[in-house]
Amino acid sequence: MELRQLRYFVTVAEEANFTRAAARLHLAQPGLSAQIRRLERELGQPLLDRTSRSVTLTPVGEAVLPIARAALEHVERITHAVDEFTGLLRGHVRVGLISGAAGEEIDIAQVLSDFHRDHPQIGISLTEDTSDAMYGALRRGELDIGLLSISEDLDPSIGTELIYESTIVAAVPAAAEGFGARITLAELCQHPLICLPTGTGLRALLENACAAASLVPDVAFEAAAPPLLIRLAAHDLGIAVIPRIPAEEAARLGIRTLEIDPAMCGRLVLAWSTERPLSPATKVLLGQLRIALASWKSPGQANTARRPRSRTA
């Protein structure tokens, strides 16, 4: 029995599908199937029930799964303990960002470049996705660190550190008539809206607030990052729902912002799994990201100190 076979078995069990498991493991599906069959022969019992549409655990597989997970975790802890004792940093760190996060306020590329220069033996991967997708990836162990926008507290299995909180506002063209300084959620839903896509924290805020008020938002346009939302609103294609920005910046971009009643507040957080041990490399990069993000000023609150909330990594 080999550790890689246990890892393959756990992945197939989690995905309930050989094709998805092979893609996650970056393996060819026939090779993955062969390794699982070899493990079953060594154990003398089938671990998986295979059909044309799905893969399920046999009773033996259900008994073996938590033990296999524990064995893999213990091996990972041993490796990390040795690395920390020797001061050795190696391996691979996987980082996820919400779309548009790497803007002018923080140069993610610079942080990663500094880290790579100091630790060239460590591989780094960087992806952009929605907050929902990255939250799932963190829970499955497919990401080590994520920068997420959230509308509510996450599961305790995910540790978080608050980067900033931002009030959500409505953006209309600077010359638009018929709007005061505020707009109610009901009035907002009477207009075509421009918003981030489903799966983002801002979109969840809007949809949850509307559901609580028995309202249905008319989302006419979606874009992956707030700057494009603002440009679409400036061209009078609808009302954009965005994090608050300073009035002078709004004027420069050709819009003005309206307070939404009731107020909605979004949070940007640095996140990691608390269920799996963080590798020494991940701990070091997490620390460097914390330092860099500490200087990231909240939109519209550039001179306001933030009060971070954190869970121990």
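Our structure's up above, just so we're on the same page.
Just so we're clear, the structure is a prediction, and the values are computed from it rather than from any experiment. (Residues numbered from 1 in each chain as written. Predicted model: local features only at pLDDT ≥ 70, side-chain atom pairs only at ≥ 80, totals over all residues. Heavy atoms only, no water.)

(A) A look at the side chain of S166. Within the secondary structure, S166 sits in strand β6 (residues 158-173). Judged by its relative accessible area of 4%, S166 is buried. Reaching out from S166, the side chain makes a polar contact with the backbone nitrogen of R244 at a distance of 3.5 Å. (Helix = DSSP H or I, 4+ residues; strand = E, 2+ residues; numbered from the N terminus. Buried < 20%, exposed > 50% of the residue type's maximum accessible area, 1.4 Å probe, protein only. Polar contact = N/O pair within 3.5 Å; in protein donor to acceptor, adjacent residues only side chain to side chain.)

(B) Structural view of the pattern of salt bridges. A complete count under the given rule lists 15 salt bridges for this structure. In this structure, R24 and E15 form a salt bridge, with 3.0 Å as the shortest nitrogen-oxygen distance. Residue class for E15 comes out buried when judged on its relative accessible area of 14%. Each of E14, E15, R20, R24, R69, R140 and E142 takes part in a single network of salt bridges with overlapping partners. (Salt bridge = Lys/Arg side-chain N within 4 Å of Asp/Glu carboxyl O.)

(C) Representation of the pairing of strand β3 (residues 91-98) in the model. Of the pairings in the sheet, the one linking β3 to strand β4 (residues 122-129) comprises eight bridges and is parallel in character. Each residue of the ladder has a partner; that of G91, found in β4, is I122. Pairing of β3 with strand β5 (residues 145-150) involves three bridges; the strand directions are parallel. Opposite V95, over in β5, you have I145 as the bridge partner. (Pairing = 2+ DSSP bridges.)

(D) The arrangement of the packing of helix α5 (residues 108-118) against helix α11 (residues 280-293) in detail. Viewed as axis vectors pointing N to C, α5 and α11 meet at an angle of 140°, and their least axial separation amounts to 10 Å. Classed by the angle they form, the pair α5 and α11 counts as oblique. The interaxial crossing formed by α5 with α11 has right-handed handedness. Note on element contacts: α11 touches α5 through A281, V284, L285, Q288, L289 and A292, opposite I108, V111, L112, F115 and D118. Class assignment of the residues belonging to the contact of α5 with α11 gives a composition of nine nonpolar, one polar and one charged. (Axes fitted to C-alpha atoms, helices over the stretch in contact; angles between N-to-C directions. Parallel < 35°, antiparallel > 145°, perpendicular 65-115°, else oblique. Left-handed = near helix turned anticlockwise from the far one by under 90°. Contact = heavy atoms within 4.5 Å. Nonpolar A, V, L, I, M, F, W, Y, C, P; charged D, E, K, R; others polar.)

(E) Quick peek at helix α1 (residues 3-15). Here α1 is 13 residues long and its end C-alpha atoms lie 19 Å apart, about the 18 Å a rise of 1.5 Å per residue gives. Those residues of α1 not exposed but buried are Q5, L6, Y8, F9, V10, T11, V12 and E15. In the stretch just after α1, A16 is the one whose phi turns positive, near 55°. (Expected span 1.5 Å × (residues − 1).)

(F) Main features of the packing of α1 against helix α3 (residues 29-43). Viewed as axis vectors pointing N to C, α1 and α3 meet at an angle of 110°, and their least axial separation amounts to 9 Å. Compared by their axis directions, α1 and α3 come out roughly perpendicular. Of the residues in α3, those touching α1 at R4, Q5, L6, Y8, F9 and V12 are L32, Q35, I36, R38, L39 and E42. The class makeup of the residues in the contact of α1 with α3 is seven nonpolar, two polar and three charged.

Just distances and angles here, no functional claims.
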